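# Observations on chain architecture
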Amino acid sequence: MHTKTMEGLTGASMNMKLLNTPFRVYKEAERRGDTAVMERAMGYAGEFADKAEDYQKIAEKGMKEDAREAREKAKTEQENAIQKRREEREELEKRIAESRNGDTVSVSGKAALDEKTDPNQTGTDNGISAEETAEAIKIEPVIYTKTGETAQTEAGTNLSVSV
C-alpha cells in the first residue's frame with residue numbers, strides 16, 4: 001500500500017472520529033439554548049469535516065498511484081514472460097535445426113544422465129532389446145508380506161479393495 005493511501009485513510013478516519021466531540025457539544029448546547037456554543041461547535045465540526053475531505057483526496061491520489069504502479073509492474077512482468085518465451089522458442093528452433101542436420105545428437109532428460117548407450121544402436125535401451133523390454137512389462141505384479149518376502153498369489157484369485 002502506498003504511503004499516501006495509508007496517510008489519507010488514517011487521517012480521514014481520525015477526523016471523522018473527532019467530529020463526534022463537536023456534535024456532542026452542539027447537542028448539549030442546543031438543549032440548553034446556548035447559540036454561541038452551538039455556533040462554535042459547528043465551526044469545529046466543519047473544520048474536522050474539511051480535514052477529513054482533504055485526507056480523503058490524499059487517499060484517492062495514493063490509490064491511483066498504487067493502481068498505476070500495479071499496471072506498470074504487470075506490464076513489465078508480461079514483457080519479461082514474452083521475452084523468456086521468445087528465447088525458449090529460439091532455443092527450440094535451434095535444436096530442431098540441429099537435429100534436422102543430423103550432424104549432432106541431442107540427448108535430453110533421463111537419457112542425458114545415462115549416456116552409456118551407443119547412439120548408433122537403434123531399437124535397444126542400455127543393451128536390452130525391445131522384446132526383452134516388452135516381456136519385462138508383462139510380468140505379473142508381486143505382493144510382499146510384512147517380513148519382506150514375496151507372497152504367491154493364485155492365478156484365478158481376484159483381489160478387491162474397498163475403502
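Residues numbered from 1 in each chain as written. Predicted model: local features only at pLDDT ≥ 70, side-chain atom pairs only at ≥ 80, totals over all residues. Heavy atoms only, no water.

The next point concerns the packing of helix α1 (residues 3–18) against helix α2 (residues 20–32). Where α1 contacts α2, the two axes come as close as 4 Å, and the packing angle between them is 15°. Considered as vectors, α1 and α2 are oriented roughly parallel to each other. Side by side, α1 and α2 meet where Met16, Lys17 and Leu18 of the first sit next to Asn20, Thr21 and Pro22 of the second. In the contact of α1 with α2, the residues fall into 3 nonpolar, 2 polar and 1 charged. (Axes fitted to C-alpha atoms, helices over the stretch in contact; angles between N-to-C directions. Helix = DSSP H or I, 4+ residues; strand = E, 2+ residues; numbered from the N terminus. Parallel < 35°, antiparallel > 145°, perpendicular 65-115°, else oblique. Contact = heavy atoms within 4.5 Å. Nonpolar A, V, L, I, M, F, W, Y, C, P; charged D, E, K, R; others polar.)

Across the interface, α2 lies against helix α3 (residues 35–101) with an axial gap of 8 Å and an inter-helix angle of 160°. In terms of axis orientation, α2 runs roughly antiparallel to α3. Helix-helix and strand crossings are classified by hand; for α2 and α3 the assignment is left-handed. Every residue of α3 that contacts α2 at Pro22, Phe23, Val25, Tyr26, Ala29, Glu30 and Arg32 is listed here: Val37, Met38, Ala41, Met42, Tyr44, Ala45 and Phe48. A class-by-class count of the residues in the contact of α2 with α3 yields 12 nonpolar, no polar and 2 charged. (Left-handed = near helix turned anticlockwise from the far one by under 90°.)

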